[in-house]
Amino acid sequence: MDKPKPLSERGKHRLRLAAGFLRADGFKLDCPRDQFYDKVQEVLASLPADKQADLKTLVDWVEDYDRHDPTQR
């Protein structure tokens, strides 16, 4: 059996962002710390495709916002 590919730091960051949005929607992500990323991925996979797309859009926006340099115009 193949081991799952380890998550990149960017992937972990995006899952933490998604978890924040899930919590805001009332999802409970109660699990041991070492299972957090697996739990978030499990919850995301259980969502309807339109909700997954909405969350991806929000995470993309936050990620872009975080990278924005306000000194550049």
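Placed above this text is the structure.
Residues numbered from 1 in each chain as written. Predicted model: local features only at pLDDT ≥ 70, side-chain atom pairs only at ≥ 80, totals over all residues. Heavy atoms only, no water.

**Side note on the environment of L44**
As for its placement among the helices and strands, L44 is situated in helix α2 (residues 36-46). By relative accessible area, which is 18% here, L44 ends up buried. Sequence spacing of L44 and A18 is 26 residues, and the spatial spacing of their C-alpha atoms is 8.4 Å. Those residues in contact with L44 that lie beyond four places of it in its chain are L15, A18, L22, Q52 and L55. (Helix = DSSP H or I, 4+ residues; strand = E, 2+ residues; numbered from the N terminus. Buried < 20%, exposed > 50% of the residue type's maximum accessible area, 1.4 Å probe, protein only. Contact = heavy atoms within 4.5 Å.)

**Here we look at helix α1 (residues 9-24)**
Across its 16 residues, α1 extends 23 Å between first and last C-alpha, which sits within 8% of the 22 Å expected from 1.5 Å per residue. Taken together, the buried residues of α1 touch α2 and α3 (49-67). Positive phi appears at G26, one or two residues downstream of α1, with a value of about 100 degrees. (Expected span 1.5 Å × (residues − 1).)

**Some thoughts on the side chain of R14**
Its location among the elements puts R14 in helix α1. For R14, a relative accessible area of 17% corresponds to the buried category. For R14, the side chain forms a polar contact with the side chain of D60, separated by 2.7 Å. A distance of 2.8 Å separates a polar atom in the side chain of R14 from a polar atom in the side chain of E63. Not counting chain neighbours up to four residues away, the residues in contact with R14 comprise K56, V59, D60 and E63. (Polar contact = N/O pair within 3.5 Å; in protein donor to acceptor, adjacent residues only side chain to side chain.)

**Side note on the layout of surface pockets**
Approximately 150 Å³ is the volume found for the largest pocket. Considering the residues around the largest pocket, the lining is formed by R14, L15, A18, L44, Q52, L55, K56 and V59. Elements that contribute at least two residues to the lining of the largest pocket include exactly α1 and α3. Ranked by the residues each element gives to the lining of the largest pocket, the list is headed by α3, at 4 residues. Along the lines of polarity and charge, the residues of the lining of the largest pocket split into 5 nonpolar, 1 polar and 2 charged. (1 Å grid on protein atoms, 1.4 Å probe; cavity = no way out; pocket = protein on both sides within 12 Å on 5 of 7 lines; lining within 4 Å. Points joined across faces, edges and corners; volume = space filled by probe spheres on them. Nonpolar A, V, L, I, M, F, W, Y, C, P; charged D, E, K, R; others polar.)

Note that all results are geometric; they support no functional claim without further evidence.
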